[in-house]
Amino acid sequence: MGILRTSAFGLSLIAVLGLSACGGSRGSVGSGNIFGGGSNAQQQGGGLGHTPEVEEPRETIWDLFKNVDDPNTTVEVNRYIWNASLDVLSFMPVQAADPFSGIIVFGYGRPPGGGASYKATVYVRDPALDARSLSVALYTRGGPASAEAVRKVEDAILTRARQLRIRDGKL
């Protein structure tokens, strides 16, 4: 019984020492001195060690379970351009939409009163209501659509986005 108790104590001690080495404090691996103080070269800025001027936030396994991100601020696309794209190109079926990357993929559809079928990919790149935030790739069954057709679709989307913003009273 004594040997079992001694070996359990020894294993516990080794485990505690091993885990304390993972602390990432001043005495962590790579700091130059495991007892907490840095060498003179590191304290004067001439060494290879890292001495942060501001305390860096710790990252632990428990940070995975915290709800740190606000879901209202993580989406980085302009909602008016996004909704305007869906409105203007509503004659096309939506095949895929990812608001986090800002991509909407539309399938083939005929515009009202038009003869040719089109498909489009809309890329909203920025949260600003700006022409640079929008990129449209428009295709017909025979290949890419004309630059004039793409420009007209982009103008229609931006005009509709501005109307939506004015309607919300956020201007």
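On a predicted model such as this, the values are computed, not experimentally measured, just so you know. Sequence order as written defines residue numbering, which begins from 1 separately in each chain. Note on the predicted model: pLDDT of at least 70 is required for a residue's local features to be given, and 80 or more for side-chain atom pairs to be given and counted; whole-chain, interface and lining totals, by contrast, use all residues. To get the side-chain values, all heavy atoms of the structure are used, and hydrogens and water are removed first.

## With respect to the overall build of the chain
Secondary structure elements follow DSSP: runs of H or I no shorter than four residues count as helices, runs of E no shorter than two count as strands, and numbering proceeds from the N terminus. When helices and strands are tallied, the chain shows four helices and five strands. What you see in the chain, going N to C, is helices and strands ordered as α-α-α-β-β-β-β-β-α. Residue contacts are counted whenever heavy atoms from the two residues lie within 4.5 Å of one another. Here the analysis covers contacts within the chain between residues at least 6 apart in sequence; of these, 37% occur between residues at least 24 apart. Surface summary for the chain: the accessible area is close to 12600 Å², and the carbon and sulfur share equals 57%. For accessible areas, the Shrake-Rupley method is used with a probe of radius 1.4 Å. Any residue's cover is judged against the shown protein chains and nothing else.

## Let's talk about the nonpolar core
One finds Leu89, Val122, Leu138 and Ile157 to be the most contacted residues of the largest nonpolar core, which totals 23 residues. Listing elements by their share of this core, those giving two or more residues are helix 3 (79-88), strand 2 (103-106), strand 3 (118-124), strand 4 (134-140) and helix 4 (147-168). Ranked by the residues each element gives to this core, the list is headed by helix 4, at seven residues. Leaving out residues up to four positions away in the same chain, isoleucine 157 has contacts with Ile81, Ala84, Ser85, Val88, Leu89, Leu134 and Val136. Among buried residues, those of type Ala, Val, Leu, Ile, Met, Phe, Trp, Tyr and Cys that are joined through side-chain atoms within 4.5 Å constitute a nonpolar core. Each residue gets one of three labels from its accessible area relative to the maximum for its type: buried under 20%, exposed over 50%, partly exposed in between, using a 1.4 Å probe on protein chains only.

## Focus on the sheet that holds strand 5 (residues 143-144)
In sheet architecture, strand pairing relies on hydrogen bonds along the backbone and comes in two forms, parallel and antiparallel. The strand order across the open sheet formed by five strands is 1-2-3-4-5, and the pairing between neighbours is antiparallel. Looking along the sheet, the strands with just one partner apiece sit at the ends: strand 1 (94-98) and strand 5. By the convention used here, strands pair only if DSSP detects at least 2 bridges between them. Bridge count for strand 2 against strand 3 is three bridges, and the pairing is antiparallel. Bridge pairing links isoleucine 104 to valine 122 in strand 3. Contacting strand 1, strand 2, strand 3 and strand 4, helix 3 crosses the sheet at an angle of about 5° to strand 2. Every angle, taken between N-to-C directions, lies between 0 and 180 degrees, and every axis is a line fitted to C-alpha atoms, over only the stretch in contact when it is a helix.

## Remarks on the packing of aromatic side chains
A pair of Phe, Tyr and Trp rings is counted when the ring centres sit within 6.5 Å of each other, with Trp represented by its six-membered ring. The angle between the planes then sorts it: under 30 degrees is stacked, over 60 is edge-to-face, the rest tilted. Taken as a whole, this structure holds zero aromatic pairs when the rule is applied. Distance and angle both matter: a charge sits over a ring if NZ of Lys or CZ of Arg is within 6 Å of the ring centre and within 35 degrees of the ring normal. Sitting above the plane of the tyrosine 108 ring, arginine 141 keeps its charged end 4.1 Å from the centroid.

## Focus on helix 3
Those residues of helix 3 not exposed but buried are Tyr80, Ile81, Trp82, Ala84 and Ser85. N-cap assignment for helix 3: the residue whose side-chain oxygen lies 2.8 Å from the backbone N of tyrosine 80 is asparagine 78. We define a polar contact as two N or O atoms separated by no more than 3.5 Å, with the added condition that, inside protein, one atom must be a possible hydrogen donor and the other a possible acceptor, whereas residues neighbouring each other in sequence contribute only through side-chain atom pairs.

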